[in-house]
Amino acid sequence: MKKMRLLLTLAALLFATSAASQNNASQVLASKANDVMQQRCMVCHGCYDAPCQLKLEASEGLQRGASKTLVYDGERLRAANLTRLFDDGLTEQQWRDKGFFPVIDNENPSQGSLYQMLQLKQAHPLASEAPLPEGFDFSLYRDQQCVEPGEFDEYGSNNPLAGMPYGLPGLNTREHTDMIAWLEDGAPALTPPPLSSSLKLTLKQWEAFLNQPDNKSQLMSRYVYEHLFLASLYLEDHGEPVWFRLVRSSTPPGRNLGLLATRRPFDAPGLNTFYYRLQRMNVTPLAKIHQPYRFDQARLEWYRKLFIETDYQVTTLPDYSADVAGNPFKSFVDIPVDVRYRFLLEDAQFTIMNFIKGPVCRGQIALNVIEDNFWVMFVDPDKVDPELDEAFLAAESDNLRLPLPKTGTAIDILSWRRYAKSHAAYQQAKADYVMTQMDRKDRELTLSSIWQGDGKNNNAALTIFRHFDTASVVRGFVGEEPKTAWVISYSLLERIHYLLVAGFDVYGSVSHQLESRLYMDFLRMEGELNFLLFLPPEERKKLRDFWYRGAPDGVKNHVFASSDVMSRENGIEYQTDDPKREFLMSMRERIHGADAAPYDYRRVSSAAMSSSFQRLESNRGAHNGFLPQVSFVNVIGKERDQAFTIMRNTGYSNIAQLFQESERRLPDEDGLTVVHGFIGAYPNYFFQVNEEKVEAFVTDIAALRKADDYDQLQKDYGVPRNASGFWPLSDKFHRLYHQQKPLRAGFFDYNRYSGY
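Residue positions are given per chain, counted from 1 along the sequence in the order it is written. Where local features are concerned, this predicted model is filtered to residues with pLDDT of at least 70; where side-chain atom pairs are given and counted, the filter is 80 or more; whole-chain, interface and lining totals use all residues. Hydrogens and water are ignored here; the side-chain numbers use all heavy atoms of the structure.

Caption draft 1: Looking closely at helix α7 (residues 197–209). Numbering of helices and strands runs from the N terminus; a helix is a DSSP stretch of H or I covering at least four residues, while a strand is a stretch of E covering at least two. The span you would expect from a helix comes to 1.5 Å times its residue count less one. Across its 13 residues, α7 extends 18 Å between first and last C-alpha, which sits within 8% of the 18 Å expected from 1.5 Å per residue. Listed in full, the buried residues belonging to α7 are L199, T202, L203, W206, E207 and F209. Burial along α7 is one-sided: seen end-on, the buried residues are contained in an arc of 160°. Turned more than 90 degrees away from the buried face of α7 sit S197 and K204, all of them exposed. We call a residue buried when its accessible area falls under 20% of the maximum for its residue type, exposed when it is over 50%, and partly exposed in between, using a 1.4 Å probe and counting protein chains only. This arc corresponds to the set of directions leading from the helix axis out to the C-beta atoms.

Dropping the structure here:
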């Protein structure tokens, strides 16, 4: 009997050892495949605009598979069913019920479409020394070929050059071997490391803090959730970030998560008792959606001091009724405006970045509501600001309501006039209020009325770049003096968030998206008006008319001509005949971090390079229009291997109209901005330039006159998408990006890369 027990014990040990060894081998394969997936697959397959909804930034996306249904559909008359990864399906079968089909086949791996797509590319590689063959379509709204099981033979026969990566060089031998071995092993997910005891403690403290039973804490948690639901929250463990997101759950802390997913964060969760939880997110950061937000012990204590220790009372909690939810001026009226504003300002780049990288992360119509390049400042929360008057905002809360779909169909557009009238009424009330306040010496606008970051916060000055159908927001005033600028107050910042982030439904009908776009016109003009009030009265109308050349008077007058406020003096004495530039340059000196030093190419360039880049920026004209929106430039030399970004700032007579954008183009006003490092998640083209040829590169750009000239520029310096050096340069750019911004960096997206 003893011998039998001994034999059984030895057998169990051998089985466990074998299983562990097999598991280790699978994890080695998963690690190798994950590296390939990050560098070669996720650069096209992520976010809502992943082709065929195949999102590969997480293993859950691979298991979910693909769909023929588009998320971005500008002609949708009725709101679509939700298909958000991690939210709207938690099992493979739930996704199959929603029309998703598998791309891997664990029973017969060679029949999985991912396996077959990789093999197709190996069998039919792209020629690297010639232009791409005709037939490739890289436009955003191309017909997507989403191949279901059983359809691949016909697809491959009809499209032999359409293997994966699509329209890019294939995997090298090692990469391909690693991917095939991993797929044949069942495509196991890479197991994340366990949380350390210290991180578990921090996690426990956060969830306890967010679920205190008193009304004050509950209202704070609701406010925090509605503003951070898209955040890439991170806790650091031994110096490495561990990513989470804030969710609502049917289960309390300490139990398995019972996710409560709603269309919008301010929708009723469906239960009277629910909990705020931190869900671990085992995802690869992608530049186009990655929004890091620190969530450590110091942040918790700051929340406690800001929201809990501040003296105010919350007698009753707001409900989730239609006339309250989605209107933060009603639902959070008990939280002092100064507290709310301080919360938003502390990480103002993140607050603004939500509408840049959130649901409105794609689309010309969604983003042609902003200029190609402008600077953003904020009203100082410690100065007396009419919009921070609690009573005024409370009285205007109905007029501050934002467009929200009622039926989810095209009929919702019939409500538009009501929202427009409410906004006009608010603007009139605000103008009248400002007029009464500006008579007081302590209320006049001065240079100190602009928030300067409290001497330590580099979120006080931001630059926004629009790249036609995407955008970027960075800290500091980047580049030369822009055409326009915004000054943002609390109510404007809050409305931008609830219009374009919390309240925007990417699955919504065309009427919802149209209303959001039209209302954002009003908010943009508010920010511009706030800026104009800091300039001399005689300059305001002149600048406004320049910004809105050709726009209908009704558009210009909606915000700008509601009262005599445009003619009132402020408390600033100007010394030059160019007050706009004088004010902006003064702010660049006064605001903490406004110099945008990390992006200043002069800090890292030779004198000759700096001179060339400066000439590139100062030379406006139609020749700049030949360059794409975002170009990454690798400058190499004997002791130099650096990355720069060239962004095109496109000239328009105005951006106040929804359509016919091409008719408002002013090519002679096209300009370029050059920065050290990377701005833009969707590079349109790579250039690689020897340091000794930077001057010639700039000269050749200035000489562009026709399409053939740009073709020659690409031949001399460009890296076509089928070039043998494409992936090595891509890997270099990602390496440099992660070195420069280890927490903020993510993988770029190549869906907009030039087809040349």
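Caption draft 2: Main features of the packing of helix α4 (residues 113–123) against helix α6 (residues 173–184). Interaxial angle, 0 to 180 degrees, is taken between N-to-C directions of lines fitted to C-alpha atoms, where a helix line uses only the stretch in contact. Taken N-terminus to C-terminus, the directions of α4 and α6 make an angle of 155°; their axes are 10 Å apart at the nearest point. Relative to α6, the element α4 lies roughly antiparallel. Pair α4 / α6 crosses with left-handed handedness. Contacts between α4 and α6 pair L114, Y115, L118, Q119 and Q122 from the former with H176, M179, I180, L183 and E184 from the latter. Residues are grouped as follows: Ala, Val, Leu, Ile, Met, Phe, Trp, Tyr, Cys and Pro are nonpolar; Asp, Glu, Lys and Arg are charged; every other residue, Gly included, is polar. Broken down by class, the residue content of the contact of α4 with α6 amounts to six nonpolar, three polar and one charged. Here the angle decides the label: under 35 degrees means roughly parallel, over 145 means roughly antiparallel, 65 to 115 means roughly perpendicular, and every other value means oblique. Two helices cross in a left-handed way if the nearer one is turned anticlockwise from the farther one by less than a right angle. They cross in a right-handed way if the turn is clockwise. In this description, contact between two residues means that some pair of their heavy atoms is separated by no more than 4.5 Å.

Caption draft 3: Broad picture of the sheet that holds strand β6 (residues 462–466). Two strands form a pair only when DSSP identifies at least two bridges running between them. The strand order β7-β6-β5-β8 describes an open sheet built from four strands, whose pairing is mixed. Each end of this open sheet is capped by a strand with a single partner; those strands are β7 (471–475) and β8 (484–488). Across the sheet, the mean angle separating the axes of adjacent strands is 25° when strand polarity is ignored. Contacts from helix α16 (residues 490–502) reach β5 (373–378) and β8 within the one sheet, and its direction differs from that of β8 by about 100°.

Caption draft 4: Layout of the state of the cysteines. Disulfides are defined as cysteine sulfur pairs within 2.5 Å. This structure, assessed with the given rule, holds one disulfide. Across a sulfur-sulfur distance of 2.1 Å, C52 and C146 are joined as a disulfide pair. Note on the C52 and C146 pair: the S-S dihedral is about -90°, so by sign convention the disulfide is left-handed. Of this pair, C52 sits in the loop between α1 (2–41) and α2 (59–64) while C146 sits in the loop between α4 and α5 (152–158), and the two are 94 residues apart along the sequence. Note on C146: relative accessible area 5%, which makes it buried. For C41, which is in no disulfide, the shortest distance to another cysteine sulfur is to C44 and amounts to 8.9 Å. C41 gets classed as buried once you look at its relative accessible area, which sits at 10%.

Caption draft 5: Here's a closer look at the confidence of the model for the protein. Each residue gets a pLDDT score, which is the predictor's confidence in that residue and runs from 0 to 100. The predicted model of the protein has a mean per-residue pLDDT of 89, with 91% of residues at 70 or higher. Note on residues 13–17: pLDDT under 50 across the span, and zero contacts to partners over four residues away in sequence or across chains.

Caption draft 6: Looking closely at unusual backbone geometry. Here M164 and P165 are connected by a cis peptide whose omega angle stands at 0°. Structurally, P165 can be placed in the loop between α5 and α6. Positioned with a positive phi, A187 is a non-glycine residue whose angle comes to about 50°. Tracing the backbone through its elements, the reader meets A187 in the loop between α6 and α7. A positive phi is found at F468, a non-glycine position, where the angle reads about 70°. Inspection of the secondary structure assignment puts F468 in the loop between β6 and β7.

Caption draft 7: The arrangement of the pattern of salt bridges in detail. Salt bridges are counted wherever a side-chain nitrogen of Lys or Arg sits within 4 Å of a carboxyl oxygen of Asp or Glu. Counted under the stated rule, the structure contains 38 salt bridges. Taking the shortest distance from any N to any O, the salt bridge between R342 and D382 comes out at 3.1 Å. Here R342, found in helix α11 (residues 337–346), pairs with D382, found in the loop between β5 and α14 (390–395); they are 40 residues apart in sequence, far enough to count as distant. When its relative accessible area of 17% is taken as the criterion, R342 is described as buried. With relative accessibility at 56%, the residue D382 sits in the exposed group. For R524, the salt bridge identified is with D521, shortest N-O distance 2.5 Å. Placement of both R524 and D521 in helix α17 (residues 510–532) is noted, with a separation of three residues, approximately one turn of the helix. For R524, a relative accessible area of 0% gives the class buried. When its relative accessible area of 7% is taken as the criterion, D521 is described as buried. Each of D49, K288, D469, D749 and R752 takes part in one network of salt bridges that share partners.

Caption draft 8: Examining the packing of aromatic side chains more closely. The criterion for an aromatic pair is that two Phe, Tyr or Trp rings (for Trp, the six-membered ring) have centres within 6.5 Å, with stacked assigned to planes under 30 degrees apart, edge-to-face to planes over 60 apart and tilted to the rest. Scanning the entire structure with this criterion turns up 54 aromatic pairs. Plain terms: the ring middles of Y223 and F343 are 5.5 Å apart, the flat faces sit at 65° to each other, and that makes the pair edge-to-face. With Y223 in helix α8 (residues 215–228) and F343 in helix α11, this residue pair connects regions lying 120 residues apart in the sequence. A residue is classified by how much of its surface remains accessible, and F343, at 4% relative accessible area, is buried. Aromatic side chains W727 and Y750 sit 6.4 Å apart centroid to centroid with 45° between the ring planes, which places their arrangement in the tilted category. With W727 in helix α24 (residues 726–740) and Y750 in the segment after α24, this pair connects stretches of sequence that are 23 residues apart.

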